Amino acid sequence: MKLSLSLPLPPALAADLSLLRGTLPGVDWTPQQQLFLCLRPLGQITDGRLLEELDFGLSRLRWSPFSLSLKELLLLEAPARENRNDRLACAIAPQEPLLQLRQRIDRQFRQSILPQSRHRFRPHVTIGQLEPGRRAEAAGWIQKNNLFRSREFVVDRLHLLEHFQSGGEPGFTSLAAYGHDGSFHDTLKESRDSFFSEVPSGRDLD
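Please read these numbers as outputs of a predicted model, since none were measured by experiment.

*Asks:* Before we go on, may I ask you to explain the overall build of the protein chain in this structure?
*Replies:* Looking only at helices and strands, the protein chain features 5 helices and 10 strands. Evaluated residue by residue, the protein chain yields a buried proportion of 40% over its 206 residues. Restricting the contact set of the protein chain to residue pairs at least 6 apart, pairs at least 24 apart contribute 74%. Summed over all atoms, the accessible surface of the protein chain reaches about 12,100 Å², with 48% contributed by carbon and sulfur.

*Asks:* Looking at this structure, I do not really get the sheet that holds strand E8 (residues 157–166). What am I missing?
*Replies:* Strands belonging to one sheet form pairs held by backbone hydrogen bonds; the direction of such a pair is parallel or antiparallel. Ordered by their spatial adjacency, 5 strands build an open sheet running E3-E1-E8-E9-E10, and the pairing between neighbours is antiparallel. Every interior strand has two partners, whereas the edge strands, strand E3 (36–44) and strand E10 (184–185), have only one. Here helix H2 (residues 48–59) sits on the sheet and contacts strand E1 (2–8), E3, E8, strand E9 (169–179) and E10; the angle it forms with E9, its principal contact strand, is near 55°. Packing against the sheet, helix H3 (residues 96–109) makes contact with E1, E3 and E8, and its axis sits at approximately 20° to E3.

*Asks:* So what exactly am I meant to see when it comes to H3 here?
*Replies:* Because each turn of an α-helix spans 3.6 residues, side chains separated by three or four positions end up pointing in the same direction. Across its 14 residues, H3 extends 20 Å between first and last C-alpha, which sits within 8% of the 20 Å expected from 1.5 Å per residue. Every buried residue belonging to H3 is among Leu 98, Leu 101, Arg 102, Ile 105, Asp 106 and Phe 109, and all of these are buried. Buried residues of H3, viewed axially, fall in a sector of 140°; they line one side. Directly beyond the C-terminal end of H3, a positive phi value near 50° is found at Arg 110.

*Asks:* What is the right way to look at the nonpolar core in this model?
*Replies:* Within soluble globular proteins, side chains that are nonpolar generally end up buried alongside one another. One finds Leu 17, Leu 70, Leu 88, Leu 98, Ile 127, Trp 141 and Leu 158 to be the most contacted residues of the largest nonpolar core, which totals 46 residues. Not counting residues up to four positions away in its chain, the partners in contact with Ile 127 are Leu 17, Leu 20, Trp 29, Thr 30, Leu 35, Leu 73, Leu 88, Ala 89 and Trp 141.

*Asks:* I tried to follow the sheet that holds strand E6 (residues 124–130) on my own but got confused; where do I start?
*Replies:* On the basis of which strands lie adjacent, the open sheet formed by 5 strands has the order E2-E6-E5-E4-E7 and antiparallel pairing. Whereas interior strands pair on both sides, the edge strands pair on one side only; in this sheet they are strand E2 (28–29) and strand E7 (153–155). Bridging between strand E4 (residues 66–76) and strand E5 (residues 86–93) involves 7 bridges; their strand directions are antiparallel. Its bridge partner being in E5, Leu 70 is matched across the sheet by Ile 92. Sheet strands touched by H3: E4, E5 and E7. Its angle to E4, the strand with the most contacts, is close to 100°. The strands that helix H4 (residues 135–144) touches are E2, E4, E5 and E6; relative to E4, the one it contacts most, it runs at about 145°.

Basis of the calculations
Residues numbered from 1 in each chain as written. Predicted model: local features only at pLDDT ≥ 70, side-chain atom pairs only at ≥ 80, totals over all residues. Heavy atoms only, no water. Helix = DSSP H or I, 4+ residues; strand = E, 2+ residues; numbered from the N terminus. Buried < 20%, exposed > 50% of the residue type's maximum accessible area, 1.4 Å probe, protein only. Contact = heavy atoms within 4.5 Å. Areas by Shrake-Rupley, 256 points an atom, 1.4 Å probe, with all protein chains shown as cover. Pairing = 2+ DSSP bridges. Axes fitted to C-alpha atoms, helices over the stretch in contact; angles between N-to-C directions. Expected span 1.5 Å × (residues − 1). Arc of directions from axis to C-beta. Core = buried A, V, L, I, M, F, W, Y, C linked by side-chain atoms within 4.5 Å.

Quick look at the structure:
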């Protein structure tokens, strides 16, 4: 499983970002339900012992809830040697509480599970992708929308996400959420319960 410790965006914030969709033609926009802020990539973990150690460590993690918002649009350019698209992203403000939470995570595990990060952590949410040949257009779009700012959201849970490819498109599922106070939330069960509660009585799911 390819895992990460992340913050899926609440529907209200996803709705704020949806105002930008379609304002720059030719962008492969990230679906609203797939918007997330990656706090710590974990890579591929298949060892049950490591998964248990991860669960135990996250259950002992504590922090004071804090508020964030999305502001400042970014163009993250793909390295010339890599055959992939540039990314349109939105930065986080303020960054300090998020950086402190990441440091707490790193100290909690002391690199026993976490892979070494090759890049400086720059918290952001990827909102779309476009071809590298359109950087001038993207720069103009960013300047035009430089006053964008979302409403605030409270960070009081940290999600363990499993990432996958479905029909050639990236996606994720929240396997569990760990509260700031040590509480555990079975998000897979909550998602299933929510789905079945919305199915009309007597409907054949087959």
